[in-house]
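# Structural description and commentary
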Amino acid sequence: MTSFRSLRFHMDWQGQKLAEQIMQMMLLVSAVIAFVAGYVLGSFQMMMIVYAGGVTLTALITVPNWPFFNHHPLNWLDPSEAEKHPKPQVTVSSKKKGTKK
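Rules and cut-offs
Residues numbered from 1 in each chain as written. Predicted model: local features only at pLDDT ≥ 70, side-chain atom pairs only at ≥ 80, totals over all residues. Heavy atoms only, no water. Helix = DSSP H or I, 4+ residues; strand = E, 2+ residues; numbered from the N terminus. Buried < 20%, exposed > 50% of the residue type's maximum accessible area, 1.4 Å probe, protein only. Contact = heavy atoms within 4.5 Å. Areas by Shrake-Rupley, 256 points an atom, 1.4 Å probe, with all protein chains shown as cover. 1 Å grid on protein atoms, 1.4 Å probe; cavity = no way out; pocket = protein on both sides within 12 Å on 5 of 7 lines; lining within 4 Å. Points joined across faces, edges and corners; volume = space filled by probe spheres on them. Nonpolar A, V, L, I, M, F, W, Y, C, P; charged D, E, K, R; others polar. Phe/Tyr/Trp six-rings, centres within 6.5 Å; stacked < 30°, edge-to-face > 60°. UniProt positions renumbered as here; feature names shortened; annotations may be inferred.

Per the secondary structure count, the protein includes 3 helices and 0 strands. Burial statistics for the protein: of 101 residues in total, 13% are counted as buried. Pairs at least 24 apart in sequence give 68% of the contacts found in the protein among residues at least 6 apart. As displayed, the protein has an accessible area near 9,500 Å², and 65% of this comes from carbon and sulfur atoms.

On to the layout of surface pockets, then. Estimated volume of the largest pocket: approximately 150 Å³. Taken together, His-10, Met-11, Asp-12, Asn-70, Pro-73, Leu-74 and Trp-76 make up the full set of residues lining the largest pocket. A class-by-class count of the residues in the lining of the largest pocket yields 4 nonpolar, 2 polar and 1 charged.

Summed over the entire model, instances satisfying the criterion amount to 2 aromatic pairs. A ring pair is formed by Phe-35 and Tyr-39, whose centres lie 6.2 Å apart and whose planes are at 20°; its orientation type is stacked. Taken together, the residues Phe-35 and Tyr-39, both in helix α1 (residues 13-41) and 4 residues apart, mark about one turn of the helix. Each of the two residues, Phe-35 as well as Tyr-39, counts as exposed. Judged by centre distance (4.5 Å) and plane angle (45°), the ring pair of Phe-68 and Phe-69 falls under tilted. Judged by relative accessible area, which is 39%, Phe-68 ranks as partly exposed. Taking relative accessible area as the criterion, Phe-69 reaches 1% and is therefore assigned buried.

Turning our eyes to something else, we now look at the environment of Ala-34. Relative to the helices and strands, Ala-34 is located in helix α1. By relative accessible area, which is 1% here, Ala-34 ends up buried. Considered as a pair, Ala-34 and Met-48 are 14 residues apart in the sequence and their alpha carbons are 7.0 Å apart. With residues near it in sequence (within four places) discarded, Ala-34 still touches Met-47, Val-50 and Tyr-51.

Attention now moves to the UniProt feature "transmembrane region" (unreviewed entry) in the protein. In the numbering adopted here, UniProt assigns the feature "transmembrane region" (unreviewed entry) to residues 21-42 and 48-69. Secondary structure content for residues 21-42 is 95% helix and 0% strand, while the C-alpha to C-alpha distance between its ends is 31 Å. Span residues 48-69 is 68% helix and 0% strand, its end C-alpha atoms 30 Å apart.

Take a look at the structure:
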């Protein structure tokens, strides 16, 4: 029996970018469709209902961490492996900027 923890889906950076692009495109398309439907039917209420449906559909597609948003997963080092590699040292330069006279 598989546990719920083994079914984790994490969204990577490219997945976040894709989700945002899908969201922007779907909201724009639903706004145009809602405006046209409201104009043709002469109903502000129908325009708002169509747009609310588009927003709901957009949220259902872009908010959950669907597996197709994780095509480029990040590979993290194990803590034991990370200890083997030296940490970068910060170098402080002692150069002073000259003053104008």
